[in-house]
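Architecture and fold: a report
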Amino acid sequence: MSRQDAVWQYGMLTREDLPAGEVICSIPRSALLSQHTTRIRALMVPVADLLNHVAQHNAQLEFTPDCLRMVTTRPVAAGHELFNTYGEMGNWQLLHMYGFSEPHPNNSNETADIRMLTLQQAALLGAASEEEKARVQERWAVLCQMDVVGEEGAFVFGCDGALTEDELRTSLKVLCMSPEEFDEYKENEGWEEDDDEEEETLSNQEISQLPPAWRRLLHLSAELALRGYASDLGSDQAVLENEAAYTKLSRREQYSLHVRYGQKRILHQLLERTAGTL
């Protein structure tokens, strides 16, 4: 075994059955602070730092008034690995920050982005005349002035729906308004009497029930986002299902495959939720 493989396979296994709430290790608060330190920032935690990350973890760090401790979150059978969580991170974040990703569908925190400019591009493609394109540009300028969208921004989608629901809902609403509605919207500087914060969510089910014009715009945006990948979902899935082809990839290539496959699955899910509107 190479040194790289040995380091990659570090972890911690249980020697006996552990119940939920079992303290694996504990460090007194006094050991974390010195006379020159008044608060904890970043630190290494002996034993706990040996635990690997998965989204469906079975242990986590807890801060108490007296100590920092690693505690099991559910029963763990003897011989099974203990897993910590590094946070609710998509595979692209895990790969960028820690050098690995989780195989699909293990990472329930997986996300896919649609650039905000892609939504603008979709709206312009859907415009039937130069006059309509000018309206799109005017509405986009208003959204920019309101700091709802920006050139570097993105709408983020997770396994269960949109994670940037406020920005996405406002953008879809403004881009799909009638001229009269938009004039009133500008006059009120974006304020609307019927705004209801309780409705500002966009789960997968709610996305499928959006107004047809909104869904058409989302559908085209997802299609444009998918065109930005060098391969399609079917090609990636074929590699994942072909053990010989998959094992020929380097570990980094395997991780990258899991990243883009998970992202494409979410975008295809969005296509399904917005289908039948074209």
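Read on for a plain summary of the structure.

Notes on helix α3 (residues 91-98)
Within α3, burial applies to N91, L94 and L95. All buried residues of α3 project into a common sector of 95° when viewed along the axis, lining one side. Phi for G99, located one or two positions after α3, is positive at around 85°.

Description of the sheet that holds strand β6 (residues 111-115)
Reading across from one edge, β6-β7-β8 is the order of the three strands in this open sheet, with antiparallel pairing throughout. Two strands in the sheet have a free side with no partner beyond their single neighbour: β6 and β8 (161-162). Inspection of the sheet shows β6 paired to strand β7 (residues 154-158) by five bridges, in the antiparallel sense. Across the sheet, D113 pairs through a bridge with V156, a residue of β7. Against the sheet, helix α4 (residues 116-125) makes contact with β6 and β7, and its axis sits at roughly 55° relative to β6, the strand it touches most.

Some thoughts on a negative patch on the surface
Taken together, E180, E181, D183, E184 and E187 make up a surface patch of like negative charges. In this structure, E184 sits in helix α7 (residues 179-187).

A short note on the nonpolar core
In this structure, F157, L168, L172, L175 and L218 are the most contacted members of the largest nonpolar core, which totals 36 residues. Of all the secondary-structure elements, those providing two or more residues to this core are β6, α4, α5 (130-145), β7, α6 (165-175), α7, α9 (212-227) and α12 (251-273). When residues in this core are grouped by element, the largest group, seven residues, is from α9. The residues contacting L168, other than those within four sequence positions of it, are F155, F157, A162, L202 and L218.

Observations regarding the pattern of salt bridges
For the coordinates displayed, the defined rule picks out six salt bridges. With a closest N to O distance of 3.8 Å, K133 and E130 form a salt bridge. Of this pair, K133 and E130 both sit in helix α5, three residues apart, which is roughly one turn of the helix. Owing to a relative accessible area of 60%, E130 belongs among the exposed residues under this scheme. The shortest N-O distance in the salt bridge between D236 and R260 comes to 3.3 Å. Here D236 is found in helix α10 (residues 233-241), whereas its partner R260 is found in helix α12, with 24 residues between them in sequence. A residue is classified by how much of its surface remains accessible, and D236, at 2% relative accessible area, is buried. Where salt bridges share partners, they join D236, R260 and K264 into one cluster.

What counts, and at which threshold
- Each chain has its residues counted from 1, following the order in which its sequence is written.
- The model is predicted, so local features are restricted to residues of pLDDT at least 70 and side-chain atom pairs to those at 80 or more, both for listing and for counting; the totals for chains, interfaces and linings are taken over all residues.
- Working from all heavy atoms in the structure, the side-chain values ignore hydrogens and water.
- The buried label applies to any residue whose accessible area, calculated with a 1.4 Å probe on protein chains only, is under 20% of its type's maximum; exposed applies above 50%, and partly exposed to all values in between.
- What counts as a helix is a DSSP run of H or I of at least four residues, what counts as a strand is a run of E of at least two, and both are numbered from the N terminus.
- What the arc covers is the set of directions going from the helix axis to the C-beta atoms.
- Strands are labelled as partners when DSSP assigns at least two bridges between them.
- What makes two residues a contact is simply this: any of their non-hydrogen atoms within 4.5 Å.
- Every axis corresponds to a line fitted to the C-alpha atoms, with the helix fit spanning only the stretch in contact, and the corresponding angles, defined between N-to-C directions, vary from 0 to 180 degrees.
- Patch membership requires more than 30% relative accessible area and the absence of a salt bridge. Residues of like charge join within 9 Å; the nonpolar side chains Val, Leu, Ile, Met, Phe, Trp and Tyr join within 5 Å.
- Working definition of accessibility: Shrake-Rupley area with a 1.4 Å probe, residue cover restricted to the visible protein chains.
- Note on definitions: salt bridges are taken to be side-chain nitrogens of Lys or Arg within 4 Å of carboxyl oxygens of Asp or Glu.
- In this count, Lys and Arg are taken as positive residues and Asp and Glu as negative ones, while His and the chain termini are left out.
- Just so you know, the charge point we use is NZ for Lys, CZ for Arg, CG for Asp and CD for Glu.
- To form a nonpolar core, buried Ala, Val, Leu, Ile, Met, Phe, Trp, Tyr and Cys residues must be joined to one another through side-chain atoms within 4.5 Å.

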